[in-house]
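# Architecture at a glance
Residues per chain, in single letters:
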Amino acid sequence: MNVLVLNCGSSSIKFQIIATDLEQIAQNADQRLARGIIERIGGEAVCSLQAEGKAKQRSTAQLRDIRAAVDFIIRWACTQESGVDAIQSISDIHAVGHRVVHGGERFQQSMLISDEVLHGIDDCIDLAPLHNPANIRGILATRELLGAGMPQVAVFDTAFHQTLPEQAYLYALPYQFYRRYKVRRYGFHGTSHRYVAYRYRNLLNIPREQVNIITLHLGNGCSATAIKAGDSVDTSMGMTPLEGLVMGTRSGDIDASIIDFLMSKEGLTAQEIEGLLNKQSGLLGISGLTNDMRELLDEARENNDRRALLAIELFCYRARKYIGAYLAAMGGADAVIFTGGIGENSAEIRARICRGLEWSGLQLVEAANASMTNGNEGLISAADSRLKAYVIPTDEELLIARDTVRCVNKVQR
Ligand code: AMP
């Protein structure tokens with residue numbers, strides 16, 4: 001089954017085409033056929049498209065909206081020139097999987113999209129006003145372009161965290177706000193945390209119930225998750241992705257009173273404060289330079305830039321603090337897993353996070369840590385480390401394709 005995986009944002013779409021079915025899933029034999037990204041949708045869009053094993057094709061095109069961009073992707077895949085040999089016409093696309101950011105409390109697993117499911121996603125717009133509308137537009141565009149008969153599946157960022165117990169998901173606010181508006185922790189990056197937990201289980205050849213780990217997704221957005229007996233029992237992002245770790249441009253945890261304080265001192269509106277916390281804070285805010293960890297590490301190394309170093313230190317300290325908190329919350333764990341752009345590629349950040357965790361029994365092996373970059377997967381701690389550490393590259397698109405196949409075949413994961 002050829003699955004088109006779509007991740008629709010407000011002005012960009014990431015996609016992959018993956019060939020997989022139940023047998024291929026069981027044998028880990030899924031095949032990636034193509035991938036790409038279209039950015040700056042709404043005007044002169046920038047397209048980067050690539051059939052697997054072939055050169056990247058870059059171009060620009062006038063793409064007015066998400067529908068035009070989805071149409072562009074499908075048409076590209078069907079042309080000879082794309083190099084996606086398995087796709088000759090739209091009848092070679094068998095299902096479409098969508099990343100949907102917010103599933104609220106309603107969606108605890110991936111769903112075959114019906115009108116009812118679509119309404120459910122619509123009902124969650126309040127909780128993710130920037131993301132869910134773009135996801136819905138992607139679903140409707142696909143329905144229009146590929147027909148109502150095309151199976152479409154929604155894979156929610158929040159679904160994996162629906163196993164959080166009340167004590168972890170409730171904020172200590174008046175309870176009626178949870179009752180009335182469902183104000184609570186939902187958590188995000190669920191597909192990534194779930195995928196690396198699955199890979200860990202595969203690597204160790206253990207059943208799901210024996211997965212007791214802390215996963216750190218460190219990319220431009222960052223989150224930590226405590227996974228006990230295979231289930232997410234706590235996670236650092238909250239009702240929105242703002243809470244928790246220090247991120248590229250998000251502050252992560254702050255004292256909520258700072259909002260009111262800054263509003264009055266700086267004469268800012270609530271919307272401006274939200275922009276400040278989401279887009280001007282984190283690594284960018286502290287360093288005053290960039291949200292890009294690679295650039296910060298270069299600045300710190302080459303120019304000994306104090307603020308770059310400070311941003312790196314805050315980032316690592318917060319991550320270490322969450323590992324400690326989750327070890328306490330879970331009553332100990334077997335491993336810490338690093339994933340995401342920073343987690344997968346930066347041995348230095350991993351080492352800085354782990355430094356000071358020796359008390360927990362984590363013994364990092366420098367050579368193993370240094371060797372784990374560019375998509376490598378494996379152990380970076382001593383084999384007899386009480387708390388082990390692994391690097392496991394994430395692959396959210398693969399999990400979306402697999403869930404799509406399972407939903408179409410009505411198989412529970
Ligand atoms: P993601 O959002 O998962 O694509 O991750 C993006 C982040 O990963 C950016 O901050 C990049 O600077 C960072 N990153 C990618 N490669 C490296 C690297 N080799 N060293 C440090 N950070 C990296």
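Here, every reference points to the structure presented above.
The following paragraphs examine the structure supplied in this document. (Residues numbered from 1 in each chain as written. Predicted model: local features only at pLDDT ≥ 70, side-chain atom pairs only at ≥ 80, totals over all residues. Heavy atoms only, no water.)

Here we take up the overall build of the chain. A count of helices and strands for the chain gives 16 helices and 14 strands. Its C-alpha atoms give the chain principal-axis dimensions of roughly 55 × 55 × 45 Å. In the chain, buried positions account for 51% of the 413 residues. Once local pairs closer than 6 in sequence are excluded, the contacts in the chain between residues at least 24 apart make up 62%. Accessible surface, the chain as shown: approximately 18,900 Å² in total, 49% of it carbon and sulfur. (Helix = DSSP H or I, 4+ residues; strand = E, 2+ residues; numbered from the N terminus. Buried < 20%, exposed > 50% of the residue type's maximum accessible area, 1.4 Å probe, protein only. Contact = heavy atoms within 4.5 Å. Areas by Shrake-Rupley, 256 points an atom, 1.4 Å probe, with all protein chains shown as cover.)

Attention now goes to the state of the cysteines. This model, assessed by the stated rule, comprises zero disulfides. The closest cysteine sulfur to the non-disulfide-bonded Cys8 is located on Cys47, 14 Å from its own sulfur. (Disulfide = S-S within 2.5 Å.)

This brings us to the site of the ligand. Near the ligand the following residues occur: Gly219, Asn220, Asn291, Asp292, Met293, Arg294, Leu297, Gly340, Gly341, Ile342, Asn345 and Ser346. In the model, an oxygen atom of the ligand is placed 3.2 Å from a nitrogen or oxygen of the Met293 main chain. The separation between an oxygen atom of the ligand and a polar main-chain atom of Arg294 is 3.2 Å. Protein contact buries 70% of the 510 Å² of open area that the ligand shows by itself. Elements that contribute at least two residues to the shell around the ligand include exactly helix 11 (293-303) and helix 13 (340-345). For the shell around the ligand, the element with the highest residue contribution is helix 13, accounting for four residues. Residue composition of the shell around the ligand, by class: three nonpolar, seven polar and two charged. (Near = heavy atom within 4 Å. Polar contact = N/O pair within 3.5 Å; in protein donor to acceptor, adjacent residues only side chain to side chain. Nonpolar A, V, L, I, M, F, W, Y, C, P; charged D, E, K, R; others polar.)

What follows covers empty space enclosed by the protein. For the structure on display, the rule yields one cavity of 30 Å³ or more. Of the volumes computed, that of the largest cavity is approximately 80 Å³. Every residue lining the largest cavity is counted, twelve residues in all, and those nearest its centre are Ser110, Phe156, Ala159, Phe160 and Arg194. Top element by residues in the lining of the largest cavity is helix 7 (residues 190-204). It accounts for three residues. (1 Å grid on protein atoms, 1.4 Å probe; cavity = no way out; pocket = protein on both sides within 12 Å on 5 of 7 lines; lining within 4 Å. Points joined across faces, edges and corners; volume = space filled by probe spheres on them.)

Side-chain pairing between opposite charges can occur once the charged atoms of the two side chains come close. The final tally for this structure, using the stated rule, is 22 salt bridges. In this structure, Arg67 engages Glu144 in a salt bridge whose closest nitrogen and oxygen atoms are separated by 2.7 Å. Placement of Arg67 in helix 2 (residues 66-78) and of Glu144 in helix 4 (residues 132-146) is noted, with a sequence separation of 77 residues between them. Looking at Arg67, the relative accessible area reads 34%, which means it is partly exposed. (Salt bridge = Lys/Arg side-chain N within 4 Å of Asp/Glu carboxyl O.)

This part covers helix 11. For helix 11, the complete set of buried residues consists of Met293, Leu296, Leu297 and Ala300. All buried residues of helix 11 fall inside an arc of 100° around its axis, so they share one side. The exposed set on the far side of helix 11, more than 90 degrees from its buried face, consists of Arg294 and Glu302. Looking at the packing, one finds that the buried side of helix 11 touches helix 10 (282-287), helix 12 (306-330), helix 13 and helix 14 (347-354). Between a side-chain oxygen at the N-terminus of helix 11 and the backbone nitrogen of Arg294 the separation is 2.9 Å; the capping residue is Asp292. Of the residues trailing helix 11, Asn304 is marked for its positive phi of about 50°. (Arc of directions from axis to C-beta.)

Strand order in the open sheet made by the six strands is 11-10-9-12-14-13, with mixed pairing throughout. The sheet is open, and its two edges are formed by strand 11 (231-235) and strand 13 (378-379), each paired on a single side. Pairing of strand 12 (residues 335-339) with strand 14 (residues 388-391) involves four bridges; the strand directions are parallel. Within strand 14, the position partnered with Phe338 by the bridge is Val391. Of the strands in this sheet, strand 9 (213-218), strand 10 (222-228), strand 11 and strand 12 touch helix 12, which is tilted by about 15° from strand 10. (Pairing = 2+ DSSP bridges. Axes fitted to C-alpha atoms, helices over the stretch in contact; angles between N-to-C directions.)

All right, on to the side chain of Thr158 then. Checked against the element boundaries, Thr158 lands in the loop between strand 8 (152-156) and helix 5 (166-169). Here the side chain of Thr158 touches Gly103 through a polar contact of 2.9 Å, landing on its backbone nitrogen. Beyond its immediate sequence surroundings of up to four residues, Thr158 is in contact with Val101, His102, Gly103, Gly104, Tyr186, Gly187 and Phe188.

Let us look at the nonpolar core. Taken as a class, soluble globular proteins show a tendency for nonpolar side chains to be buried jointly. Of all hydrophobic cores here, the largest spans 43 residues; its most connected members are Leu218, Met293, Phe315, Phe338 and Ile349. Elements supplying a minimum of two residues to this core: strand 9, strand 10, helix 11, helix 12, strand 12, helix 14 and strand 14. If you tally residues by element for this core, the top one is helix 12, at eleven residues. If sequence neighbours within four positions are ignored, Ile349 has contacts with Met293, Leu297, Ile312, Phe315, Cys316 and Ile342. Ala51, Leu63, Val70 and Ile87 belong to the second largest nonpolar core, which has 34 residues in total. (Core = buried A, V, L, I, M, F, W, Y, C linked by side-chain atoms within 4.5 Å.)

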